[in-house]
Amino acid sequence: IRWSWAAPQLQILSGEAGRIALQFTGAQTLSFGPEGAERKVSFTARGLQVEIQRADGRRVSRIDATLTGLSLTLPEGGEAVTATRIVARLIPGEGAAILPERSNLALTVEKLVMPALQRSVLGRTLETLNTELEFERGLPSLRLGTELAAWRAADKGRLKFNRLRFAWGMLSFEGEGA
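Being a predicted model, the structure only gives us computed values, none of them experimental. (Residues numbered from 1 in each chain as written. Predicted model: local features only at pLDDT ≥ 70, side-chain atom pairs only at ≥ 80, totals over all residues. Heavy atoms only, no water.)

### Some words on the overall build of the chain
Item 1. When its secondary structure is counted, the chain shows one helix and twelve strands.
Item 2. Going from the N terminus to the C terminus, the chain shows its helices and strands as β-β-β-β-β-β-β-β-β-β-α-β-β.
Item 3. Residues classed as buried in the chain amount to 29% of the 178 residues present.
Item 4. Sequence separation of at least 24 residues holds for 47% of the intrachain contacts in the chain that already meet a minimum separation of 6. (Helix = DSSP H or I, 4+ residues; strand = E, 2+ residues; numbered from the N terminus. Buried < 20%, exposed > 50% of the residue type's maximum accessible area, 1.4 Å probe, protein only. Contact = heavy atoms within 4.5 Å.)

Below you can see the structure in the form of structure tokens.
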């Protein structure tokens, strides 16, 4: 499986030692899948900013990303998925894996609107999702097809939710703790 990403404009906001902040603008394309059978996802956003911090000059210690005004078009075409704002923070655990075990992910999604084709008794709009979770087992590589299957099959292939809150249609849920 191959992944590539095309972004027409990239601005380096900060490049100080141990930290880099990037801002992407314009339409973006993410290509994935086996060579010759690639699929493409296109998206635009009012803003996409990524900040990467490194602890020892080599190892990434934190990644923060903020995306505003998302419009995502899936390979099958049709109506776009939109979101007002998505904020993510990843603090990798220790280890050589692409996503080491004990990595922590915090994610906030505001006003995610799914295509009309996605029928749900809860409606098309997820008003808010706020979660913080820990990967109890890491992912060794980006070969997601095989890695995710092995991760799910493993005894420790679970996510530990430290916080989960969402509001979707008439359903709202809030919980904390493992």
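Having seen the structure, we can now continue with the description.
### Quick look at the environment of Arg163
Item 1. Along the chain, the position of Arg163 falls in strand E11 (residues 159-168).
Item 2. For Arg163, a relative accessible area of 27% translates into the label partly exposed.
Item 3. Distance in space between the C-alpha atoms of Arg163 and Glu176 is 4.4 Å, their sequence separation being 13 residues.
Item 4. Ignoring any residue separated from it by four or fewer positions in sequence, one finds Arg163 in contact with Asn130, Thr131, Glu132, Gly175 and Glu176.

### Some remarks on the environment of Ala150
Item 1. Here Ala150 shows up in helix H1 (residues 144-153).
Item 2. Note: C-alpha distance between Ala150 and Leu139 (eleven residues apart in sequence) is 9.1 Å.

### Remarks on unusual backbone geometry
Item 1. If you check the backbone angles, Arg102 has positive phi at about 70° while not being a glycine.
Item 2. Tracing the sequence through the fold places Arg102 in the loop between strand E8 (81-91) and strand E9 (103-113).
Item 3. In this model, Lys111 sits at a positive phi of 50°, which is unusual for a non-glycine residue.
Item 4. Following the sequence through the fold, Lys111 ends up in strand E9.

### Some details on the pattern of salt bridges
Item 1. Taken as a whole and assessed by the stated rule, the structure comprises six salt bridges.
Item 2. For Arg85, the salt bridge goes to Glu110, with nearest N and O atoms at 3.0 Å. With Arg85 in strand E8 and Glu110 in strand E9, the pair connects residues that are 25 residues apart, well separated along the chain.
Item 3. Arg102 is the salt-bridge partner of Glu134, the closest N and O atoms lying 3.1 Å from each other. Of this pair, Glu134 sits in strand E10 (residues 125-135) while Arg102 sits in the loop between E8 and E9, placing them 32 residues apart in sequence.
Item 4. A relative accessible area of 11% means that Glu134 is categorised as buried. (Salt bridge = Lys/Arg side-chain N within 4 Å of Asp/Glu carboxyl O.)

### Concerning the nonpolar core
Item 1. Counting residues in hydrophobic clusters, the biggest one holds 18 residues, and the most contacted among them are Phe43, Leu48, Leu67, Leu70, Leu72 and Leu112.
Item 2. For this core, the secondary structure elements donating two or more residues are strand E3 (19-25), strand E5 (39-44), strand E6 (47-54), strand E7 (60-73), E8, E9 and E10.
Item 3. Ranked by size, the runner-up nonpolar core spans six residues in total, among them Leu99, Leu133, Phe135 and Leu139. (Core = buried A, V, L, I, M, F, W, Y, C linked by side-chain atoms within 4.5 Å.)

Interpretation note: all reported values are geometric properties and have no functional meaning in isolation.
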